[in-house]
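Fold and geometry: a report
Residue strings, one per chain:
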Amino acid sequence: MNAMTRLATAVSLVSLMPLAALAGEVEVLHWWTSGGEKRAADTLQKLVEDKGHTWKDFAVAGGGGEAAMTVLKTRAVSGNPPAAAQIKGPDIQEWGALGLLANLDSVAEQNQWDTLLPKQVAEIMTYEGHYVAVPVNVHRVNWLWINPEVFAKAGATPPTTLDEFFAAADKLKAAGFIPLAHGGQPWQDGTVFEDLALSILGADAFRKAFVDLDEATLTGDQMVEVFAALNKLRGYVDADAAGRDWNIATGLVINGKAGMQLMGDWAKSEWTAAGKVAGKDYQCLAFPGTQGSFAFNIDSLAMFKLGDAENRKAQEDLARTVLEPEFQQFFNQNKGSIPVRLDQDMSSFDACAQKSMADFKEAAGNGGLQPSMAHGMAASSYVQGAVFDVVTNFFNDPQADPKRAAQQLAAAIQAVQ
Ligand code: BGC
């Protein structure tokens, strides 16, 4: 090697050093493990790796995230939390109160999160006025997914009211299809219950029940009606539903065995991954009776305090990346959600995402935004767990009495407060 080459080699090594010195590892706990969800998670991993960091995947399977939260608590208790974890809604406050979350204010300031994010969203991401989490997306929970080919074969019409919904279910059943693809897991039972509650109670009473936890609303006649509707709905679910994962249920609709699914728009990630086109191969309708309301579920990554400076840099780069337009587009197109940045160009998004964004903006303007109880946006995980217990026990017992269930609901919520 001559002197010039030696010098050039030395210079290029030196110029590489700042990157190497600043490259860290970022461990991310999440539950995005279905085929469609994984495609979305991979987009984040790639963007973080492109910045020179190492991604350590900490995926814990289990829809709705209950298993992931249990694992996270164990890791945190042993003093070894991951750099980032999928933590949502009021739970962010609980983790903040433990003093474990990192301050992201400098990243937020540099990247103007305050102007990019809707105020309501920014509030959820802050603890005592400081950013401790970054929002990834906005999911809508009150969707009904329909296979139009199955509907046509059964002579059923896409429903806009609860009565029409049950009428369509009858036609699907008579034609030999599974009317409603469902997985018998507490969080899925809770999701269906939430849709029925929003439809029957309406927006104001929904909030009173699941945000204010108002006893009179929880035990009132309309709540009894909600349980009665859940009882009726059980008759349209197939016998093999117990324990079935949500994405397997989505698969039944995609493959034409079932006609409908009530699920948040992460279900769309499976349709997208299967190469199906929104508005043609499948339809997304606001759940009958909930038009005008948008039950929101915002995924967010909360950041834990870290000792190592390089890992801290990787963590900040992760937080920064999540709100960049590139990530917002690729991730959300794969995930089924819409961008949390309201200035995002939606022209390359599909028909369901465009409808979702339009409905989100409209609901934001007229009080129609409702925090999802089933997805941890309305109340703490303790309240959510209490609701799931009552709803699942009711759903699994054909003899259960709706009036008694409403009273049990109020009592169970009271017990965990
Ligand atoms: C999460 C979604 C996830 C879904 C199914 C929801 O609670 O917010 O990101 O896709 O659960 O696991």
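Residues numbered from 1 in each chain as written. Predicted model: local features only at pLDDT ≥ 70, side-chain atom pairs only at ≥ 80, totals over all residues. Heavy atoms only, no water.

**Focus on the overall build of the protein**
For the protein, the count of helices and strands is 19 helices and 14 strands. For the protein, the C-alpha radius of gyration of 23 Å lies close to 22 Å, the compact-globule estimate for 417 residues. The buried share of the protein, taken over its 417 residues, is 56%. Accessible surface, the protein: about 17000 Å² in total, of which carbon and sulfur atoms supply 53%. (Helix = DSSP H or I, 4+ residues; strand = E, 2+ residues; numbered from the N terminus. Rg over C-alpha atoms; globule rule 2.2 N^0.38 Å. Buried < 20%, exposed > 50% of the residue type's maximum accessible area, 1.4 Å probe, protein only. Areas by Shrake-Rupley, 256 points an atom, 1.4 Å probe, with all protein chains shown as cover.)

**Notes on the site of the ligand**
Around the ligand sit 14 residues in total, of which Glu37, Lys88, Asp299, Lys335 and His375 are the nearest. Within the side chain of Trp32, one N or O atom sits 3.0 Å away from an oxygen atom of the ligand. Within the side chain of Glu37, an N or O atom sits 2.4 Å from an oxygen atom of the ligand. For the ligand, whose free accessible area comes to 310 Å², the fraction covered by protein is 100%. When its residues are assigned to classes, the shell around the ligand shows four nonpolar, six polar and four charged. Two domains each provide a minimum of three residues to the shell around the ligand, namely domain 1 (14–139 + 297–366) and domain 2 (140–295 + 375–416). (Near = heavy atom within 4 Å. Polar contact = N/O pair within 3.5 Å; in protein donor to acceptor, adjacent residues only side chain to side chain. Nonpolar A, V, L, I, M, F, W, Y, C, P; charged D, E, K, R; others polar. Domains from an automatic or database assignment.)

**Describing the state of the cysteines**
Note on terminology: disulfide describes a covalent bond linking the sulfur atoms of two cysteines. Applying the stated criterion across every chain, the model contains one disulfide. A sulfur-sulfur separation of 2.1 Å characterises the disulfide bridge that pairs Cys284 with Cys352. The S-S bond linking Cys284 to Cys352 shows a torsion near -110°; that makes this disulfide left-handed. Of the two residues, Cys284 sits in strand S11 (residues 283–286) while Cys352 sits in helix H17 (residues 351–365), which places them 68 residues apart along the sequence. (Disulfide = S-S within 2.5 Å.)

**Focus: the layout of surface pockets**
If you roll a probe as big as a water molecule over the atoms, it shows you where there is empty space left. As a volume, the largest pocket reaches approximately 620 Å³. Around the largest pocket sit 29 residues that line it, and Met69, Lys73, Asp91, Ser381 and Gln384 are the ones nearest its centre. At the level of elements, helix H3 (66–77), helix H4 (91–97), helix H10 (186–210) and helix H18 (381–395) are the ones that each hand at least two residues to the lining of the largest pocket. By residue number, the principal contributor to the lining of the largest pocket is H18, which donates seven residues. Partitioned by chemical class, the residues of the lining of the largest pocket number 13 nonpolar, 10 polar and six charged. In this structure, the lining of the largest pocket is formed jointly by two domains, domain 1 (14–139 + 297–366) and domain 2 (140–295 + 375–416), each of which donates at least three residues. (1 Å grid on protein atoms, 1.4 Å probe; cavity = no way out; pocket = protein on both sides within 12 Å on 5 of 7 lines; lining within 4 Å. Points joined across faces, edges and corners; volume = space filled by probe spheres on them.)

**Here's the deal with empty space enclosed by the protein**
Counting across every chain of the model gives two cavities of 30 Å³ or more. In this model, the largest cavity occupies a volume close to 120 Å³. The wall of the largest cavity is formed by 15 residues, among which Trp31, Glu37, Gly64, Trp266 and Lys335 lie closest to the centre. Each residue belonging to the lining of the largest cavity can be placed in one class, and the counts come to five nonpolar, six polar and four charged. Two domains each provide a minimum of three residues to the lining of the largest cavity, namely domain 1 (14–139 + 297–366) and domain 2 (140–295 + 375–416). The volume enclosed by the second largest cavity comes to roughly 30 Å³. The class makeup of the residues in the lining of the second largest cavity is five nonpolar, one polar and no charged.

**Concerning the domain arrangement of the protein**
Each assigned domain of the protein is listed with its residue range as follows: domain 1 (14–139 + 297–366) and domain 2 (140–295 + 375–416). Here the C-alpha centre of domain 2 lies 27 Å away from the C-alpha centre of domain 1. Opposite the 33 residues of domain 1 that make contact, domain 2 presents 29 residues. Taking both partners together, domain 1 and domain 2 bury about 2500 Å²; carbon and sulfur atoms supply 57% of that area. Sorting the residues of domain 1 by area buried against domain 2 places His139, Asn297 and Cys352 first, and these three jointly supply 21% of that buried surface. The interface formed by domain 1 and domain 2 holds two salt bridges in total. The shortest N-O distance in the salt bridge between Lys268 and Asp350 comes to 2.9 Å. (Contact = heavy atoms within 4.5 Å. Buried area = accessible area lost by both parts, 1.4 Å probe. Salt bridge = Lys/Arg side-chain N within 4 Å of Asp/Glu carboxyl O.)

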